[in-house]
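Each chain is listed here by its residues.
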Amino acid sequence: MPKNTHKIAFAGAATLGAAALAFSVVPADAQTTTTDAVSSARVAYSSQPVQDVKASVTDQLATTSVKVDAIEAKKKAAADAAAKKKAAAAKAVAAKTAAAKKKAAAEAAAHKKAAAAHKKAAASRKAQEAANRSAKRAAIKKAVVRHYANNLDGWIKHSLDIMKSKGIPGSYHGLHKNIMRESSGNPQAINDWDINAINGIPSKGLLQVIPPTFTAYHVAGTSWNIYDPVANITAAANYAADKYGSIDNVNSAY
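Here the structure is a predicted model, which is why all the values come from computation and not from measurement.

About the cut-offs
- Residues numbered from 1 in each chain as written.
- Predicted model: local features only at pLDDT ≥ 70, side-chain atom pairs only at ≥ 80, totals over all residues.
- Heavy atoms only, no water.
- Phe/Tyr/Trp six-rings, centres within 6.5 Å; stacked < 30°, edge-to-face > 60°.
- Helix = DSSP H or I, 4+ residues; strand = E, 2+ residues; numbered from the N terminus.
- Buried < 20%, exposed > 50% of the residue type's maximum accessible area, 1.4 Å probe, protein only.
- pLDDT = per-residue confidence, 0-100.
- Contact = heavy atoms within 4.5 Å.
- Axes fitted to C-alpha atoms, helices over the stretch in contact; angles between N-to-C directions.
- Parallel < 35°, antiparallel > 145°, perpendicular 65-115°, else oblique.
- Left-handed = near helix turned anticlockwise from the far one by under 90°.

1. Section: the packing of aromatic side chains
Part 1: Counted according to the given criterion, the structure contains two aromatic pairs.
Part 2: With a centroid separation of 5.3 Å and an interplanar angle of 75°, the aromatic rings of Tyr217 and Tyr239 are classed as edge-to-face. Pair noted here: Tyr217 is in the loop between helix H7 (211-216) and helix H8 (229-244) and Tyr239 is in helix H8, with a separation of 22 residues, a long-range link. Neither Tyr217 nor Tyr239 differs from the other in exposure class; each is buried.

As structure tokens, then:
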């Protein structure tokens, strides 16, 4: 192939196209020499148009590449935005969950504190009610004063209640039998003939107690009068408990 025909200029291509068009419209029975003219004619060419085409293609490819890059960038931006949105949503959910947990914990703590306060108040109220009941019972007990008959039976029973409160042993029978032997139940009885009387300290009262013994074994809360029936009985029972273990163990002069 000749060197000057390796490239076909755009203008030559256009001429060939026009010639081909002219040839195609000639009737079949017509005679023409167009083919010979075309074949014998020299085709003018130039490298500039080809370069322009090449540049145009390059520009188009560059433009396409830019568009592709723009599309990819847009996709990436969209993906980043979606990821950021998803992360923000997840963060919001996490924050909401944490807030809910914190609120629940605070409510639980408040409920626990309220329950403890209620329990404490209930315990305090219960203790106060118990104290009130105790005080009421004490007041009732204090208000209820037991009355004893002013006779031997009443004196013995009164003495036994005092003896019980002081831890002094003795029974109704033990007191009664000794009283009947010593004074026949007379609280004003006095022995003016025995050795104690000779010594100036006669025995006196229901259980015939001498003054020094009465003073030494006097029971707090009772009268200091040796002739007082209850004071005399309790002092004598206190003395008998110290010397004999109990007034019940005394069966003769003591």
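2. Thoughts on the confidence of the model for the protein
Regions with low pLDDT should not have their predicted coordinates read in detail.
Part 1: Mean pLDDT over the protein: 81, with 74% of residues reaching 70 or higher.
Part 2: For the stretch residues 1-41, pLDDT sits under 50, and the model shows 16 contacts to residues farther than four places along the chain or on other chains.

3. Quick look at the packing of helix H4 (residues 152-166) against H8
Part 1: Between H4 and H8, the least distance of the axes is 9 Å, while the angle of their chain directions is 50°. Classified by the angle between their axes, H4 and H8 sit oblique to one another. The interaxial crossing formed by H4 with H8 has right-handed handedness. Only Pro229, Val230, Ile233, Thr234 and Ala237 of H8 make contact with H4, whose side of the interface consists of Trp155, Ile156, His158, Ser159, Ile162 and Met163.

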